[in-house]
Amino acid sequence: MTELRYVYAVTRPFDGTLPEGLAGVAGSPPRLLAHDGLLAVLGDVPADDFSEEPLRARLEDLDWLTSTARAHEAVIGALTAVTSPLPLRLATVCHDDGGVRRLLDSGRERFTRCLERLDGRVEWGVKVYAREAPETPRADTGPTESAGSAGPKEAASGRDYLRQRLRQRNARSSILSEADTGSRRLHEELSRCAEDVRVHRLQDARLPGVPRGNVLNAAYLLPREQSEAFVEEVRRIGARSSGIRVELTGPWAPYSFADVSDPAREGSEGR
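We now turn to the structure provided with this report. Keep in mind the model is a prediction, meaning the values are calculated, not measured. (Residues numbered from 1 in each chain as written. Predicted model: local features only at pLDDT ≥ 70, side-chain atom pairs only at ≥ 80, totals over all residues. Heavy atoms only, no water.)

### Focus: the overall build of the chain
When you go through the chain residue by residue, the secondary structure sums to eight helices and nine strands. Buried residues in the chain amount to 41% of all 271 residues. Taking the contacts inside the chain whose residues are at least 6 apart along the sequence as the reference set, 78% of them involve residues at least 24 apart. Looking at the chain as shown, the accessible area adds up to about 15,000 Å², and 48% of this sits on carbon and sulfur atoms. (Helix = DSSP H or I, 4+ residues; strand = E, 2+ residues; numbered from the N terminus. Buried < 20%, exposed > 50% of the residue type's maximum accessible area, 1.4 Å probe, protein only. Contact = heavy atoms within 4.5 Å. Areas by Shrake-Rupley, 256 points an atom, 1.4 Å probe, with all protein chains shown as cover.)

Okay, here's the thing in structure tokens:
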């Protein structure tokens with residue numbers, strides 16, 4: 001079976017080893033490829049799934065995509081415990097080891113610059129949600145007095161329903177306004193603690209498992225040794241902020257700050 005090279009990250013040479021038994025994408029254990037002062041972290045994957053046409057189809061398969069992303073993140077997480085990796089985008093694939101070396105050569109300047117900037121740094125994610133608004137009331141659907149016309153009871157219940165809808169809409173608008181103010185204040189204070197910040201698109205509540213009322217979705221870059229102080233700051237600010245719920249995740253490899261999409265594209269397309 002023909003195999004391609006799935007590249008997870010680029011790092012500098014480091015002491016230490018990856019956990020024994022670590023399985024990456026397609027169940028393949030990750031390995032290191034050294035080239036002129038850089039290391040590529042890669043694994044072997046089947047061409048039947050990862051060559052250009054099959055991969056395009058696979059990326060439309062949500063279950064496959066989720067499984068692949070989890071395996072990718074597991075390798076990056078293991079790397080983060082022993083070094084400061086520069087994560088590459090999901091499904092960065094090269095034809096063979098020679099293609100991986102060409103990837104490192106084509107992006108050397110950018111890889112080196114990013115590795116210097118991100119050395120010893122981690123990313124923390126902060127999502128802020130508005131507290132839940134009241135549920136939308138439902139109109140009275142009782143029997144009418146005659147077909148095609150509403151009786152007094154139905155007319156009254158209709159007016160009540162519209163008044164309740166208006167109150168609910170006003171309450172939700174007030175809640176979102178309060179949450180927006182609280183999230184801006186929190187973001188300003190956390191930004192002063194961080195070396196760099198990325199504000200991402202808000203989460204879409206129409207997607208499965210995504211809570212409603214997301215008003216901030218941001219990533220903060222800081223030295224690893226400042227993580228404990230940052231966590232305490234998030235808790236302190238969140239506790240004193242009314243109308244919002246704060247969700248903190250991390251520490252992660254600095255995905256949001258690894259601005260090296262061009263060399264990754266060259267490597268995957270040039271193969």
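### A few points about the pattern of salt bridges
Across all of its chains, the model carries 17 salt bridges by this definition. The shortest N-O distance in the salt bridge between Arg 240 and Glu 189 comes to 2.3 Å. Placement of the pair is Arg 240 in helix 7 (residues 227-240) and Glu 189 in helix 6 (residues 152-193), with a sequence separation of 51 residues. Exposure remark for Arg 240: the relative accessible area of 47% places this residue in the partly exposed category. Classification of Glu 189 as buried rests on a relative accessible area of 14%. (Salt bridge = Lys/Arg side-chain N within 4 Å of Asp/Glu carboxyl O.)

### Remarks on the sheet that holds strand 9 (residues 244-252)
In spatial order, the strands read 7-8-6-9; together these four strands make up an open sheet with antiparallel pairing. Of all strands in the sheet, those with a lone pairing partner are strand 7 (196-199) and strand 9, marking the two edges. The sheet shows a mean angle of 20° between the axes of neighbouring strands, direction not considered. Of the pairings in the sheet, the one linking strand 6 (residues 121-130) to strand 9 comprises seven bridges and is antiparallel in character. Looking at the pairing, Lys 127 lines up with Glu 247 of strand 9. (Pairing = 2+ DSSP bridges. Axes fitted to C-alpha atoms, helices over the stretch in contact; angles between N-to-C directions.)

### Describing unusual backbone geometry
Residue Pro 251 is reached from Gly 250 by a cis peptide bond, and omega for that bond is 0°. For Ala 26, which is not glycine, the phi dihedral falls at a positive 65°. Residue classification places Ala 26 among the exposed residues on the basis of a relative accessible area of 53%. You will see that Asp 36, though not glycine, has its phi angle at about 50°, which is positive.

### So, the nonpolar core
Core analysis: the biggest nonpolar cluster contains 23 residues, and Tyr 6, Tyr 8, Val 25, Phe 50 and Leu 79 have the highest contact counts within it. The set of elements that each furnish at least two residues to this core consists of strand 1 (3-11), strand 3 (38-46), helix 1 (47-50) and helix 3 (62-80). The dominant element in this core, judged by the number of residues it contributes, is helix 3, at six residues. If you look at the next biggest cluster of nonpolar residues, it comprises 20 residues, including Leu 33, Cys 94, Leu 104 and Cys 114. (Core = buried A, V, L, I, M, F, W, Y, C linked by side-chain atoms within 4.5 Å.)

### Observations concerning the environment of Leu 59
One can find Leu 59 in the loop between helix 2 (52-58) and helix 3. Along the backbone, Leu 59 and Ala 91 are 32 residues apart, and their C-alpha atoms lie at a distance of 9.2 Å. If we ignore the near neighbours within four places in the chain, the residues touching Leu 59 are Trp 64 and Leu 65.

### Digging into the pairing of strand 2 (residues 31-35)
On a regular strand, one side chain projects to one face of the sheet and the next to the other, so that they alternate. One ladder, built from five bridges, connects strand 2 with strand 3; its direction is antiparallel. Bridging across to strand 3, Arg 31 finds its partner in Leu 42. Following strand 2, the chain reverses through two residues before pairing antiparallel with strand 3; Asp 36 in that reversal takes a positive phi of roughly 50°.

### Digging into helix 3
End to end, helix 3 covers 26 Å across 19 residues, agreeing with the expected 27 Å (1.5 Å per residue, within 8%). Two to three positions downstream of the cap, the backbone nitrogen of Asp 63 sits 3.1 Å from a side-chain oxygen, assigning the N-cap of helix 3 to Asp 61. (Expected span 1.5 Å × (residues − 1). Polar contact = N/O pair within 3.5 Å; in protein donor to acceptor, adjacent residues only side chain to side chain.)

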